[in-house]
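Structure assessment
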Amino acid sequence: MNTVRRFDFLIIGSGIAGLTFALKVAQYGKVAIVTKKEDAESNTNYAQGGIASAVSENDSFSLHIKDTLLTGAGICHKDAVEVTVKEGPQYIKELEEFGTRFTKVGRGKNRKFQLGKEGGHSANRIVHAKDLTGREVERALLSKVRNNKNIKIFSNHIAIELLTEHNIKRKRRKKDNKIHCWGAYILDTKKKVVEIFLGKLTMLSTGGTGQVYLHTTNPDIATGDGVAMAYRAGGKIANLEFMQFHPTTLYSPGNKPFLISEAVRGAGGILKNSEGKDFVKDYDPRGSLAPRDVVARAIDRELKKSGAHCVYLDLSGIKKEDIKKNFPHIYKTCLSYKIDITKERIPVVPSAHYMCGGVVTDLRGRTSIERLYASGEVACTGLHGANRLASNSLLEALVFSNRAARDVAQQIKNIPDEFPEILPWDDSGTFNHEEWILISHDKAEIQRLMWDYVGIVRSDFRLRRAERRIKLVAKEVEKFYKKTKVTEQLLELRNLSTVAELLIRFALKRKESRGLHYTTDFPEKNDKKWKKDIIICKKV
Ligand code: FAD
Ligand code: SIN
């Protein structure tokens, strides 16, 4: 029998979205946060540039809204953009109250945020903590959470599947045919046992999907688990074709990719080709600070044209002391790779960075599944449209986790205390296959095929090829999954294959080029047919 744990709130994920939500709902009941590694391990922890917010007197909400809409290439939801931009500043203030030490300039009354600039922004509006913003935010939030008696963190616990009508003893087909979520099956990866975590309300805050590609800025945790679980449970998923590639990760073959923040370009760094030419200007008058889709495509074209392995980020326009003072982490990390960025150009290439699509939510963070919220990178709130404006994602997580918590205040009293009887985790007929090589091979195959066929520039020919391959891999993975005792690696592989298959389906559906989705078969935007979200939902 599985251990059953009951909570008012089950939160899956301990990045900015999950922690923010936890802190706000703990006043209404007992909270469990399950997280698959150590609690700080998240995309949040690696965020560099900062949080976009119109907090300066030289900026305005309307400018931030305009920049977000322009970058989103016509399909942002205006209401989502407006609430995010307008509600953002109060939560930056609150993060400070929680102990986040943002970088400031001036003294006394004149002390204010040092605001950075990034691509697509028409003003300096990036609130940051040097070049380690995410680590500082995560530290502050975690320390608040650890001190809250109503919140318990379960590290090294990975969610396997959401508990819905499929997992209850007496199946009841609701009159309204709605799907409900009562929690999740969770694998304790240390003890190797599956437990049932019940939550009156569940928050999906599992972050991104970068690991579906061979080259990514994302840490290993970003395997799209939330999207895959919500899809399998019958939730609505939108816009997965819009994977954002960050233009500048350190080119260092054989090593883990390391991000060179866009803030470096905001401070004066210029992208150059091997001949020393500021080539991005040939593609867009904004040059190195054009939105990411434009810059990443320009680099991709430049590399294909020249056959070079990388382009270069030239920091000669930034004072040496400023580089060391404002980008200490990037400076030190590059130095450890024997590149002194105060003297040498940084070799860079694009890599997969941020998933703009995800589990569809409304403005309250509610998904299409009753009692299931989603926030952060896993969600598709409508804010980013076809391309995310830099540093809008930490902001989105703050705003939507707070919005969801406000909705909870209304909802929670109407939710009955009883849960339906949940079926125990069924692993009869499964074995401990010591087949690590199968998992690592399939993972590598998925990542390679996504990188080669579903990258920055796409075509129907390559997408179809990717579709045929991924179908085979996904089938094999599912077969293996059904006869094998679950492990973290196997669960992640299964989720990666689901997300890859879905991403290809979305990319094949969109017969136009918009924002981050560029295909040589339909190189133009087609507003008449495609100025809209694409939504896919599994019949369950
Ligand atoms: P995450 O912070 O990724 O947290 C997800 C959590 O879910 C993790 O704790 C993970 O372990 C857990 N999890 C996942 N699956 C499961 C499962 N099955 N069971 C249990 N737990 C699970 N955005 C900005 O706005 N500004 C920036 O400057 C910026 N810089 C970035 C730099 C880098 C290198 C990267 C990778 C991203 C950057 N981003 C930035 C994007 C931003 O960091 C993320 O979009 C954001 O942090 C996502 O927060 P989240 O809470 O949704 O997810
Ligand atoms: C960066 O610092 O370049 C990342 C910012 C972001 O992804 O929003």
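Our subject in this report is the structure included herewith. All values reported here derive from a predicted model rather than from experimental measurement.

Rules of the game
Residues numbered from 1 in each chain as written. Chains lettered and ligands numbered in written order. Predicted model: local features only at pLDDT ≥ 70, side-chain atom pairs only at ≥ 80, totals over all residues. Heavy atoms only, no water. Helix = DSSP H or I, 4+ residues; strand = E, 2+ residues; numbered from the N terminus. Buried < 20%, exposed > 50% of the residue type's maximum accessible area, 1.4 Å probe, protein only. Contact = heavy atoms within 4.5 Å. Lys, Arg positive; Asp, Glu negative; His and termini not counted. Charge placed at Lys NZ, Arg CZ, Asp CG, Glu CD. Near = heavy atom within 4 Å. Polar contact = N/O pair within 3.5 Å; in protein donor to acceptor, adjacent residues only side chain to side chain. Areas by Shrake-Rupley, 256 points an atom, 1.4 Å probe, with all protein chains shown as cover. Patch = residues over 30% accessible without salt bridge, like charges linked within 9 Å, V, L, I, M, F, W, Y side chains within 5 Å. Salt bridge = Lys/Arg side-chain N within 4 Å of Asp/Glu carboxyl O. Pairing = 2+ DSSP bridges. Axes fitted to C-alpha atoms, helices over the stretch in contact; angles between N-to-C directions. Core = buried A, V, L, I, M, F, W, Y, C linked by side-chain atoms within 4.5 Å.

**Some remarks on the overall build of the chain**
Looking only at helices and strands, one finds 14 helices and 20 strands in the chain. Reported as C-alpha extents along the three principal axes, the dimensions of the chain are approximately 70 × 60 × 50 Å. Classification of the 540 residues of the chain by burial places 62% in the buried group. By sequence separation, contacts in the chain at least 24 residues apart represent 75% of the contacts at least 6 residues apart. The positive charge centre, built from 92 side chains, and the negative charge centre, built from 65, are 2 Å apart in the chain.

**Here's the deal with the site of ligand 1**
Contacts to ligand 1 come from 38 residues, most closely from Thr44, Gly50, Asp225, Glu377 and Ser393. Within the backbone of Gly49, an N or O atom sits 2.9 Å from an oxygen atom of ligand 1. Contact with the protein chains hides 98% of the accessible area of ligand 1, taken as 1000 Å² for the molecule alone.

**Let's talk about a positive patch on the surface**
Taken together, the side chains of Lys130, Lys319, Lys325 and Lys332 make up a positively charged region of the molecular surface. Here Lys325 is to be found in helix α8 (residues 320–326).

**Things to note about the sheet that holds strand β19 (residues 379–380)**
Read across the open sheet, the four strands follow the order β19-β17-β12-β20; overall the sheet is mixed. Of all the strands in the sheet, the pair left with one neighbour each is β19 and β20 (535–537). Contacts between helix α5 (residues 225–232) and the sheet are confined to β12 (236–238), β17 (358–360) and β20, with β17 contributing the most and set at about 45° to the helix. Sitting on the sheet, helix α13 (residues 488–509) is in contact with β12 and β20, with an inclination near 135° to β20.

**Re the side chain of Thr361**
Take Thr361: it is sitting in the loop between β17 and β18 (372–374). When residues no more than four places from it in sequence are discounted, the contact partners of Thr361 are Arg366, Thr367, Ala374, Ala379, Cys380 and Thr381.

**Overview of the nonpolar core**
Among the nonpolar cores identified, the biggest contains 79 residues, and Ile160, Leu204, Val212, Tyr213 and Met450 are the most heavily contacted of them. Val212 has contacts with Ile446, Gln447, Met450, Leu496, Val499, Ala500 and Leu503, leaving out every residue within four places of it along the chain. Leu23, Leu95, Met203 and Leu395 belong to the second-largest nonpolar core, a separate cluster that totals 43 residues.

**Focus on the pairing of strand β1 (residues 4–12)**
Across eight bridges, β1 lies against strand β11 (residues 193–204) in parallel orientation. Counterpart to Val4 in the pairing with β11 is Ile196. Sheet topology note: the β1/strand β2 (residues 31–34) ladder contains four bridges and is parallel. What sits directly across from Leu10, in β2, is Ala32.

**Some details on the pattern of salt bridges**
Across all of its chains, the model carries 45 salt bridges by this definition. Between Glu262 and Arg292 there is a salt bridge whose closest N-O contact spans 2.6 Å. Of the two residues, Glu262 sits in helix α6 (residues 262–266) while Arg292 sits in helix α7 (residues 292–306), which places them 30 residues apart along the sequence. Arg292 shares its class with Glu262; the two are buried. We note a salt bridge from Arg366 to Asp407, for which the minimum N-O separation is 2.7 Å. One end of the pair, Arg366, is in the loop between β17 and β18; the other, Asp407, is in helix α10 (residues 392–411), with 41 residues separating them in the sequence. Classification of Arg366 as partly exposed rests on a relative accessible area of 26%.

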